[in-house]
Amino acid sequence: MARSYSILIPIGILVLACSTSSTPAAPSLEDQLQQLRKDFVQFKEVTNEKEATFEAELIELKTKDQQNSKIRELLANKINELEEKVAGLEAQLYQKIQQPFATSFVGASPNGVNELKHQPRSINGMPSSCGDLQMIGHTWNGLYSVMGLRAVATVYCDFNKPLGDPGFETRIGYTDTKSVPTYFYVQRESRYIYSGPMPFQIEQLNVGGFMDLPSGKFTASRPGTYFFSFTGVAAFPTSTTPKSYLVVSLSLNGVSVGIGEANVSNNAEDEYAQLSLQATLHMNAGDQVWLEILYASGGAYLHDDTRHYTHFNGWLLEEDISQPM
């Protein structure tokens, strides 16, 4: 009987040991902390990769925008060259059409200018060449204003020479003629962080009245070439974000035509940075331009107060005067 007990006791100890070893031990606080650290490192790596990808895409977009701006500038220059050539050909065409009226002369007037046999005639529309001016009765040599393709041109007419002579008409340049003077300068006096067209609060100038401060939109009254300029100060609160951005866009009829950007990296305290943009645009009557915050990260916003850090101005450089009012 004693021997049976001696056999059962080791077996019970073995069973207890097995049941104890099969129960998993709860992770310690140190193990949990180590796991959290690993998870945080992985999260930070993923975040940095996404941040780097976004920054690369933003740089690519800016590069493409700059390339498109250069292409638009080259096309605009080419258009101007072609317009000048067309204006010259148009003048030559007028001269050839009107040459039969200027082939015979009575003699010289007291001032030495040849007078045509025919009487002054009316023309269809405004004069666009020295030939038109001669047609309606002008005989004095000198500088005259005539209608070009898009603007009023200045020409020198030498009526002593025959109509087909190259020296009969000399193009001097263009006259800065505007049917309505248009220029504005507006400001803000409080911070701005919202999306959509940026409103303004202070009107320094608004000649023509085409800049609407509450909506922040400028509306072109006449077709032509306009210039716009914006400067502001971006504020970046203290942030753990590797890089914070504030991007302001200039929109033409809802399409971004240029951006101004400010950014900071790992700002341990509040920081400020200036941003600006300029644009020269061709606009048709009724087209609208406005500013808006395109992107903001890390709590960034457009800073302003009563000292006025935000400035937006624009004016009509050259009006397309050939289009009807």
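Everything numeric here is computed off the predicted structure, so don't read it as measured data.

The rules behind these values
- Numbering of residues begins from 1 in every chain and follows the order in which that chain's sequence is written.
- Only residues with pLDDT of at least 70 are given local features in this predicted model, and only at 80 or more are side-chain atom pairs given and counted; all residues enter the totals for whole chains, interfaces and linings.
- Computation of side-chain values: all heavy atoms of the structure, hydrogens and water removed.
- Strands are treated as partners if at least two bridges between them are detected by DSSP.
- In DSSP terms, a helix is any run of H or I states spanning at least four residues, a strand is any run of E spanning at least two, and both are numbered starting from the N terminus.
- By nonpolar core is meant a set of buried Ala, Val, Leu, Ile, Met, Phe, Trp, Tyr and Cys residues that side-chain atoms within 4.5 Å join together.
- In this scheme, a residue with accessible area under 20% of its type's maximum is buried, one over 50% is exposed, and one in between is partly exposed, where area comes from a 1.4 Å probe on protein chains only.
- Contacts are assigned to residue pairs that have any heavy atoms within 4.5 Å of one another.
- The disulfide definition used here is simple: a pair of cysteine sulfur atoms within 2.5 Å.

S.K.: Pulling in residues and values, what's your account of the pairing of strand β12 (residues 255-265)?
M.R.: Relative to β12, strand β11 (residues 243-252) runs antiparallel, the two being bridged by 10 bridges. Bridging across to β12, Ser251 finds its partner in Ser256. Counting the residues that bridge the hairpin from β11 to β12 gives two residues, and of these Asn253 lies at a positive phi of roughly 55°.

S.K.: Would you mind going over the sheet that holds strand β8 (residues 211-212) in detail, with residue names and values included?
M.R.: Ordered in space as β8-β9-β14-β11-β12, the five strands form an open sheet in which the pairing is antiparallel. A strand with exactly one partner marks an edge of an open sheet, and here the two such strands are β8 and β12. Note that β11 and strand β14 (residues 288-296) share seven bridges and pair antiparallel. Note on β14: the bridge partner recorded for Ser249 is Glu292.

S.K.: Give me the lowdown on the nonpolar core, citing residues and values where you can.
M.R.: Formed by 34 residues in total, the largest nonpolar core has its most connected members in Phe228, Leu250, Met283 and Phe312. When residues of this core are traced back to their parent elements, those giving at least two are β6 (183-187), β10 (224-236), β11, β12, β13 (271-283), β14 and β16 (311-319). Ranked by residue count, the leading element in this core is β13, at six residues. Apart from residues lying up to four places away in sequence, Phe228 is in contact with Phe184, Phe218, Leu250, Leu277, Gln278, Ala279, Leu281, Met283, Val289, Phe312, Asn313 and Gly314.

S.K.: A description of the state of the cysteines should follow, citing residues and the corresponding values.
M.R.: For the coordinates displayed, the defined rule picks out one disulfide. Each disulfide pairs two cysteine sulfurs, and for Cys130 the partner residue is Cys157, the sulfurs being separated by 1.9 Å. Judged by the torsion about the S-S bond (-85°), the Cys130/Cys157 disulfide is left-handed. Residue Cys130 is found in helix α3 (residues 130-135), and its partner Cys157 is found in strand β4 (residues 152-157); the two are separated by 27 residues along the sequence. Taking the relative accessible area as the measure of exposure, Cys130 reaches 0% and is therefore buried.

S.K.: How would you explain unusual backbone geometry if you had to name every residue and give the values?
M.R.: Positive phi outside glycine occurs at Asn253, with the angle close to 55°. Since its relative accessible area comes to 42%, Asn253 is described here as partly exposed. Of note, the phi angle at His308 is positive, near 65°, even though the residue is not glycine. Counting through the fold element by element, His308 comes out in the loop between β15 (301-303) and β16. Relative accessible area serves as the criterion here: at 21%, His308 is assigned to the partly exposed category.

S.K.: So, the environment of Tyr156: which residues are in play, and what are the values?
M.R.: As for its placement among the helices and strands, Tyr156 is situated in strand β4. Accessibility expressed as a relative area gives 32% for Tyr156, which makes it partly exposed. As for Tyr156 and Ile172, which are separated by 16 residues in sequence, their C-alpha atoms are 6.9 Å apart. With sequence-adjacent residues up to four places away left out, Tyr156 is seen in contact with Cys130, Asn141, Gly142, Leu143, Phe168, Glu169, Thr170 and Ile172.

Remember that the coordinates give geometry; whether it matters functionally is a separate question.
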